[in-house]
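Descriptive analysis of the structure
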Amino acid sequence: MSSETIITIRGLKNSFGDQIIHDDLDLDVRRGEILGVVGGSGTGKSVLMRSIIGLQIPDAGDVQVLNENMIGREEDEAKNIRRRWGVLFQNGALFSTLTVAENVEVPIREYFPFIKPPLLDEIASYKIAMSGLPANAGPKFPSELSGGMRKRAGLARALALDPELLFLDEPTAGLDPIGAAAFDDLIMALQKRLELTVFLITHDLDTLWAICDRVAVLADKKVVAVGTIEELLALDHPWIQEYFNGPRGRAAAAGLKGH
Amino acid sequence: MTAAPTTADAAPDANVYRCVGSITISRAASTQREIDAAPDPLVLDLSGVEKMDTVGAWVIYRAVRDRGAKIVGAKGDVAALIERAPEFDHPAQVRPEERPGHLRVMEEIGGWVVEAGQTLVGLVSFLGAVLIGFYDVIRHPRRIRWTAVISRFDLVGVRALGIIGLMSFLIGIVVGQQGAVQLEQFGAEIYTINLIGRITVRELGTLMTAIMVAGRSGSAFAAQLGTMKITEEIDAMRTIGVSPIEALVLPRMAAAVIMMPLLAFYAMLMSLLGGGIYVWADLGIPPLTFIQRLQEVTPLRDLWVGLIKAPVFGFIIALTGCFQGMQVEGNSEEVGTRTTNAVVQAIFLVIVIDAVFAVFFSQIGWI
């Protein structure tokens, strides 16, 4: 793994009214890694992701993605960055009036309008197959899909432009354990195959143990620690200890070692 | 990139298409076009490819699959990407299948008929549920939720005063102006007052108020109840043992039924005010004469005609609004469609019933 950083955050500050979410937060994401982001409810994991992808304008701080500054730039310039990443929102955020295949085609049509329909449809099918959906999911509307299939469809759309960087917001939340494990495997396989860098927000301890190269812990309005789970376990931060050494944390660790 | 017909070692007589640089999604369209243009038998020389993504691999794989093209010079990552492409070759349909035109028309018409029938049956059974709920509450008056009722009075009635007042005032002016223009041709401007008095009190005051309340409150009822259905609040209510009809629907029905006549009366007054100011300004009829003449030409019966209709309209607006709200199932998109349905049905039914009233009142001689 190269140690080139793909996302650099320095001194990030976010607040809603009087409530300060992040204060002087620093984080680096290296190329080619799967970085898990954990933290209690309300510690601003999603806000952090939204700040990186430009949906939330921070009060202060620097965010660099793919060596480009994200804060205070023109929408036109940002487009070049936007096509190099894919985002999977918590509930898929599929466009409800389009079919799954049409959803996958949206980013391709937007950036590459010259690609003709037959090739476009084949690319969509290819991405749908890649994200582990059956071919008959293509003409279905999002409302006809189960939660797990909706996430896979969202992933297919996120992968439409062959991104270098993939943002996943709680990809396994709301999935049954079998579905969640399959989704973990899928992300890992895709990450290897496409050499993706993955920024993964999760609450799922099994996911953390199974696929994350490093884990960043959000607490006290900052990233309090980043490292492999073994490294984090060696720290004596109370929240980290409770998180990984609580009954669920131990069960997840044991489950992984049992494999 | 060039499509030079040179001879390669691998296959004599074949056309070699040399891919160079990066074969990625940004060049997918042009690469595809150039491959399509090259004649068979085709050899793809990938030795010059520096970068390839999945879409680039797919374009190459397609040529191999569909035209039996041969690949030479693929190395490392590029070869691996192309090798993996067939693994995901499961053609998926993009859009749902469409039936032929005439079948689709029949299907649509059938769908409408079934839906209209279901709506009617649903509305009647909802009306039944509301009446049963009403009966229960009347028998146990302690179960009336006064706070809910009063807050609905405020939302449906008091907060509508501004917009309904303004609307009615303007309608009074429009009726006066249009009437004056037409009647002037016969030298009968003075009858403008008859027109304003009778049409606003008998018809427009109530009807326009009903339309405004349908748009303001009927839609709000549908959207509120619909959202509560989606967030499972109504299910939670049921499991706790609170009847949603009692807690949510009846206060809204009561508010609409009681507020409609009051709002309609207020709308009539505002229309008369608007009309009065217009005839004063344009025809020079002073307010006192206007009021005197209004009393002579507008029978009190017209007021009753207007006011009797109002609670019925209110009932219909609340019924369709609450009914559509309770029908919401599934996703948030449906809240939007149901809200639209509620307003459209409410206004439609209000106008139908207004016509029925018009015939009824003239039959009993209230002309």
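Overview of the structure.

Parameters and conventions
For every chain, the first residue of its written sequence is number 1, and the numbers climb from 1 along that sequence. A letter from A marks each chain and a number from 1 marks each ligand, given out in the order of writing. Whole-chain, interface and lining totals are the exception, using all residues; otherwise, since this is a predicted model, local features are given only for residues with pLDDT of at least 70 and side-chain atom pairs are given and counted only at 80 or more. The basis for every side-chain value is the complete set of heavy atoms in the structure, and neither hydrogens nor water enter the calculation. Whether two residues are in contact is decided by their heavy atoms, any of which lying within 4.5 Å being enough. We define buried area as the total accessible area lost by two parts upon association, computed with a 1.4 Å probe and summed across both. Each salt bridge in this description consists of a side-chain nitrogen of Lys or Arg and a carboxyl oxygen of Asp or Glu lying within 4 Å of one another. Identification of polar contacts relies on pairs of N or O atoms within 3.5 Å, with a donor-acceptor requirement for protein atoms, meaning one able to donate a hydrogen and the other able to accept it, and with residues adjacent in sequence counted only if both atoms are side-chain atoms. The secondary structure listing takes helices from DSSP runs of H or I that are at least 4 residues long and strands from runs of E that are at least 2 residues long, numbered from the N terminus. When residue character is reported, Ala, Val, Leu, Ile, Met, Phe, Trp, Tyr, Cys and Pro are called nonpolar, Asp, Glu, Lys and Arg charged, and the others, Gly included, polar. Structural elements are reduced to axes, namely lines fitted to C-alpha atoms, with helices fitted over the stretch in contact, and the angle between N-to-C directions of any two is expressed from 0 to 180 degrees. Any angle from 65 to 115 degrees is called roughly perpendicular, while one under 35 is roughly parallel, one over 145 is roughly antiparallel, and all others are oblique. We call a crossing left-handed when the near helix sits turned anticlockwise from the far one by less than a right angle, and right-handed when that turn is clockwise. When accessible area is computed with a 1.4 Å probe and restricted to protein chains, residues below 20% of their type maximum are described as buried, those above 50% as exposed, and intermediate ones as partly exposed. Note on aromatic contacts: the rings of Phe and Tyr and the six-membered ring of Trp form a pair at centre separations within 6.5 Å, being stacked when their planes are under 30 degrees apart, edge-to-face when over 60 apart, and tilted otherwise. Any Lys NZ or Arg CZ that is within 6 Å of a ring centre and within 35 degrees of that ring's normal is treated as a charge sitting over the ring. Strands are treated as partners if at least two bridges between them are detected by DSSP.

1. What to know about the interface of chain A and chain B
Listed as interface residues are 33 residues of chain A and, on the opposing side, 26 residues of chain B. Taking both sides of the interface into account, the surface hidden between chain A and chain B amounts to around 2500 Å²; carbon and sulfur atoms contribute 62%. As a salt-bridge pair, A:D121 and B:R95 come within 3.7 Å of each other at their nearest N and O atoms. Applying the counting criterion to the chain A and chain B interface returns ten residue pairs in polar contact (both at pLDDT 80 or more). Of all elements in the fold, only α3 (100–111), α4 (117–130) and α6 (177–194) of chain A reach the threshold of two or more residues within the side of chain A that touches chain B. The leading source of residues in the side of chain A that touches chain B is α4(A), at eleven residues. Considering only residue class, the side of chain A that touches chain B consists of 18 nonpolar, five polar and ten charged.

2. A word on the environment of A:I123
Turning to its location among the elements, A:I123 is positioned in helix α4. It is 8.2 Å that separates the C-alpha atoms of A:I123 and A:A160, two residues lying 37 residues apart in sequence. The contacts of A:I123, once residues within four sequence positions are left out, are A:I108, A:I115, B:V55 and B:W58.

3. Thoughts on the packing of helix α6 (residues 161–184) of chain B against helix α9 (residues 244–283) of chain B
All names here are of chain B. It is at 7 Å that the axes of α6 and α9 come closest, and there the two elements cross at 40°. Considering the angle they form, α6 stands oblique to α9. Note on packing geometry: the crossing formed by α6 with α9 is right-handed. Residues L161, I164, G165, S168, F169, G172, I173, G176, Q177, A180 and E184 of α6 lie in contact with α9, whose contacting residues are L263, Y266, A267, M270, S271, L273, G274, G275, I277, Y278 and L283. When its residues are assigned to classes, the contact of α6 with α9 shows 13 nonpolar, eight polar and one charged.

4. As for the pattern of salt bridges
Side-chain pairing between opposite charges can occur once the charged atoms of the two side chains come close. Enumeration according to the criterion identifies 26 salt bridges over all chains in this entry. The partner of B:D45 in a salt bridge is B:R18, and the shortest N-O contact between them spans 2.9 Å. Separated by 27 residues along the polypeptide, B:D45 in strand β2 (residues 42–52) and B:R18 in strand β1 (residues 15–23) bring together distant segments of the chain. On the basis of relative accessible area, B:D45 is assigned to the buried category, the value being 13%. Looking at B:R18, the relative accessible area reads 36%, which means it is partly exposed. Each of A:E122, B:R62, B:R65, B:D66 and B:D89 takes part in one network of salt bridges that share partners.

5. Some words on the packing of aromatic side chains
In the structure shown here, the tally under the stated rule is eleven aromatic pairs over all chains. Centre to centre, the rings of A:Y126 and B:W58 are 4.5 Å apart; their planes meet at 25°, and the pair counts as stacked. Of this pair, A:Y126 sits in helix α4 while B:W58 is found in helix α2 (residues 54–67), placing the two residues in two different chains. A:Y126 sits in the buried class, given a relative accessible area of 2%. A relative accessible area of 2% places B:W58 in the buried class. Seen in terms of ring centroids, A:F167 and A:F199 are 5.5 Å apart; in terms of plane orientation they differ by 55°. Their pairing is tilted. Here A:F199 lies in strand β8 (residues 197–201) and A:F167 lies in strand β7 (residues 165–169), a separation of 32 residues in the sequence. For the residue pair A:F167 and A:F199, the accessibility class agrees, reading buried in each case. An aromatic cluster is defined as three or more aromatic residues linked by ring pairs; in this entry it consists of A:Y126, B:W58, B:Y61 and B:F88. A cation sits over an aromatic face here: A:R157 above A:F95, 4.5 Å from the ring centre.

6. As for the sheet that holds β7(A)
Residue and element names in this part refer to chain A. Spatial ordering of the open sheet is given by β6-β7-β8-β3-β9-β10, a layout of six strands whose pairing is mixed. In the strand order of this sheet, the two ends are held by β6 (85–88) and β10 (222–227), each with one partner. Averaged over all neighbouring strand pairs, the angle between strand axes comes to 15°, with direction disregarded. Pairing between β7 and β8: five bridges, direction parallel. Each residue of the ladder has a partner; that of L165, found in β8, is T197.

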